[in-house]
Amino acid sequence: MNILQALAQRYFQLFQQSYIVVKAPGRLNIIGEHTDYNEGWVLPAAINRHIYFVLGKQTDTQQIEIYAPSFEETARFRIDAEEFEDIPDWAKYLQAATMEMRARGYEIQGINGTLDGNIPLGAGLSSSAALCCGFIFGLAHLNDLELTKLEMARIAQATEHRVGLNCGIMDQFSVLHGKKDQVMGLDCRSMEVNYSPLPLKEYRLIVFNSNVKHELAAGSAYNDRRAACERVVQVIKKQHQRVKSLRDIDADMLNNFQSKLDATDYKRAKYVLEENQRVLDTMIALEQGDWAKIGANLYASHTGMQHEYDITIPEIDLLVDLTRALDAVLGSRMTGGGFGGCTIAFIQKGQTQAVIEKISAQYLKETGKETTTYEIEVDDGVGLVYN
């Protein structure tokens, strides 16, 4: 019995009602980290790891009850609650979503549900965005709300803000708008997106999980990075009113203001400007089939995250460094918000298993930790599996 079958069976045992099934994928970012909240560019994709929701209406129109078998926990909360109730951390995302939808004037009836999935938690593959987006999609469907996917993405982003993570919109947009075998070149200012094929004929896309979990909403480091970027913008816009975000600043302008900026803030902004350019260059390289350029950009991106944005950890750096001398690896970098999680690597077809075994053995030797690997396929965004 697979996850979905077990989940539907458990739902019917608990609630004995008709139901819908929603599938929400995780997200992998090829390149473009911490550029989304600076109104820059990103290159993400929805992936073949998911959270599944089995949801149905209930008679008490003011209560939501969700059971999560992986945690062996049930969360119950009132739709009309003004503050977070005493519920598990994962369920606070669901309650925050209902709060956000009500704040926007949407009427929601009571819901019963079960949820489970195979997106590793705290790994930088957007399990929280999948949780929010899938639940919002299910609420909209059950309550006959005509929401566009972009509206759902904005609600999901605001949901994460309520929980404590001042994130951009990349994760939510990717989870909802993904297309099978396509990466998304997303302009986070205009929200225009260019879909490009990810031709994995010669290479396999492998994720290496450091098994060091990050909890971005629980700490301040992520929000600190955003605040640093905003401080740079505030200094520069005093003389350049057109500047609204780092998107409006080029390298020459940033350098002209270096003496007026905090040294760390300058370094953070410099990384964002360089990362934006790497995203644009990688989009062009994908169109031209220039895999050498793509690989070089991945390594340069990781170096920037490590030494300028300071969001990597030793285990993550080791996973990338172990690939550098391997001819079968095109390129590697950390993916996700940082402070733990995963790296990605493009590995030559036919050499994948040998590379995985080599890196995994050395990682275990040097850290005492196991690394978990996943071969990634690019998948569709959030959708209804069963009605």
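Keep in mind the model is a prediction, meaning the values are calculated, not measured.

Next up on the list: the side chain of Ser 126. If you trace the backbone, Ser 126 turns up in the loop between β5 (111–117) and α3 (127–142). Those residues in contact with Ser 126, other than ones at most four positions away along the chain, are Gly 26, Arg 27 and Asp 171.

Moving on, we get to the packing of helix α10 (residues 314–321) against helix α11 (residues 352–367). Two elements in contact, α10 and α11, have axes separated by 10 Å at closest approach and are oriented at 145°. As α10 runs across α11, the sense of the crossing is right-handed. On α11, the residues that touch Glu 315, Leu 318 and Leu 319 of α10 are Ile 359, Tyr 363, Glu 366 and Thr 367. Across the contact of α10 with α11, the residue classes tally to 4 nonpolar, 1 polar and 2 charged.

Here the focus is the packing of aromatic side chains. Across all of its chains, the model carries 7 aromatic pairs by this definition. Measuring from centroid to centroid gives 5.7 Å for Tyr 37 and Tyr 222, while their planes differ by 65°, and the two rings are edge-to-face. With Tyr 37 in the loop between β1 (20–31) and β2 (41–57) and Tyr 222 in helix α6 (residues 221–237), this pair connects stretches of sequence that are 185 residues apart. By the burial criterion, Tyr 37 is buried, and Tyr 222 matches it. Geometrically, the ring pair formed by Phe 71 and Trp 90 is stacked, given 6.0 Å between the ring centres and 10° between the ring planes. Of this pair, Phe 71 sits in the loop between β3 (63–68) and β4 (73–78) while Trp 90 sits in helix α2 (residues 89–103), placing them 19 residues apart in sequence. Taken together, the aromatic side chains of Tyr 11, Phe 15 and Tyr 19 make up a single cluster linked through ring pairs.

Attention now moves to α6. In an α-helix, one turn spans 3.6 residues; hence positions three or four apart end up facing the same way. In this model α6 runs 25 Å from its N-terminal to its C-terminal C-alpha over 17 residues, within 8% of the 24 Å that 1.5 Å per residue would give. Of the positions making up α6, those classed as buried are Tyr 222, Arg 225, Arg 226, Ala 228, Cys 229, Val 232, Val 233 and Ile 236. The buried residues of α6 occupy an angular sector of 150° when projected down its axis, which confines them to one face. Those residues of α6 that are buried lie in contact with α4 (149–163), α7 (251–256) and α8 (263–288).

Interaxial distance between α2 and α4 falls to 8 Å at its minimum, and their mutual angle equals 120°. Considering the angle they form, α2 stands oblique to α4. As α2 packs across α4, the resulting crossing turns out to be right-handed. Where α2 abuts α4, its residues Lys 92, Tyr 93, Ala 96, Ala 97, Met 99, Glu 100, Met 101 and Ala 103 lie against Ile 155, Ala 158, Thr 159, Glu 160, Arg 162 and Val 163. Residues of the contact of α2 with α4, tallied by class, amount to 9 nonpolar, 1 polar and 4 charged.

Before going further, it helps to examine the environment of Tyr 19. Counting through the fold element by element, Tyr 19 comes out in the loop between α1 (3–15) and β1. Exposure remark for Tyr 19: the relative accessible area of 22% places this residue in the partly exposed category. In this structure the C-alpha to C-alpha distance between Tyr 19 and Asn 387, which are 368 residues apart in sequence, comes to 6.6 Å. Excluding its chain neighbours within four sequence positions, the residues that come into contact with Tyr 19 are Ala 8, Tyr 11, Val 54, Leu 55, Tyr 386 and Asn 387.

Sheet strands pair by backbone hydrogen bonding; their relative direction is either parallel or antiparallel. Strand order in the open sheet formed by 4 strands is β9-β10-β8-β11, and the pairing between neighbours is antiparallel. What marks the edges here is a single partner per strand, and that holds for β9 (329–335) and β11 (372–375). In this sheet, adjacent strand axes meet at a mean angle of 25° when their direction is disregarded. Across 7 bridges, the pairing between strand β8 (residues 203–209) and strand β10 (residues 342–348) is antiparallel. Paired with Tyr 203 across the bridge in β10 is Gln 348.

Applying the stated criterion across every chain, the model contains 21 salt bridges. In this structure, the salt-bridge partner of Glu 100 is Arg 162, at a minimum N-O distance of 2.6 Å. Separated by 62 residues along the polypeptide, Glu 100 in helix α2 and Arg 162 in helix α4 bring together distant segments of the chain. Here Glu 100 falls in the buried class, since its relative accessible area comes to 10%.

Once that is clear, we can look at the pairing of β1. In terms of burial, β1 is a largely internal element, 11 of the 12 residues being buried. Sheet topology note: the β1/β2 ladder contains 10 bridges and is antiparallel. By the bridge assignment, Ala 24 is partnered in β2 with Ile 51. Strand direction decides the pairing type here: β1 and strand β12 (residues 383–386), joined by 3 bridges, are antiparallel. Residue pairing for β12: Val 21 is matched across the bridge by Tyr 386.

This part takes up the environment of Leu 43. Checked against the element boundaries, Leu 43 lands in strand β2. Distance from Leu 43 to Gly 32, taken between C-alpha atoms, is 6.2 Å for residues 11 residues apart in sequence.

Our focus in this paragraph is the pairing of β9. Each regular strand carries side chains that alternate between the two faces of the sheet. When you tally the buried positions in β9, you get 7 out of 7 residues, the bulk of the element. Joining the antiparallel neighbours β9 and β10 is a turn of 6 residues, in which Gly 336 adopts a positive phi near 105°.

Ranked by internal contacts, the top residues of the largest apolar core, which has 79 residues, are Leu 28 and Phe 53. Element by element, the count of residues in this core is highest for α3, at 11 residues. In this structure, Phe 53 is in contact with Leu 7, Ile 20, Val 21, Val 22, Ala 24, Thr 114, Leu 115, Ala 130, Leu 131, Gly 134 and Phe 135, ignoring residues within four places of it in sequence.

Conventions and cut-offs
Residues numbered from 1 in each chain as written. Predicted model: local features only at pLDDT ≥ 70, side-chain atom pairs only at ≥ 80, totals over all residues. Heavy atoms only, no water. Helix = DSSP H or I, 4+ residues; strand = E, 2+ residues; numbered from the N terminus. Contact = heavy atoms within 4.5 Å. Axes fitted to C-alpha atoms, helices over the stretch in contact; angles between N-to-C directions. Left-handed = near helix turned anticlockwise from the far one by under 90°. Nonpolar A, V, L, I, M, F, W, Y, C, P; charged D, E, K, R; others polar. Phe/Tyr/Trp six-rings, centres within 6.5 Å; stacked < 30°, edge-to-face > 60°. Buried < 20%, exposed > 50% of the residue type's maximum accessible area, 1.4 Å probe, protein only. Expected span 1.5 Å × (residues − 1). Arc of directions from axis to C-beta. Parallel < 35°, antiparallel > 145°, perpendicular 65-115°, else oblique. Pairing = 2+ DSSP bridges. Salt bridge = Lys/Arg side-chain N within 4 Å of Asp/Glu carboxyl O. Core = buried A, V, L, I, M, F, W, Y, C linked by side-chain atoms within 4.5 Å.

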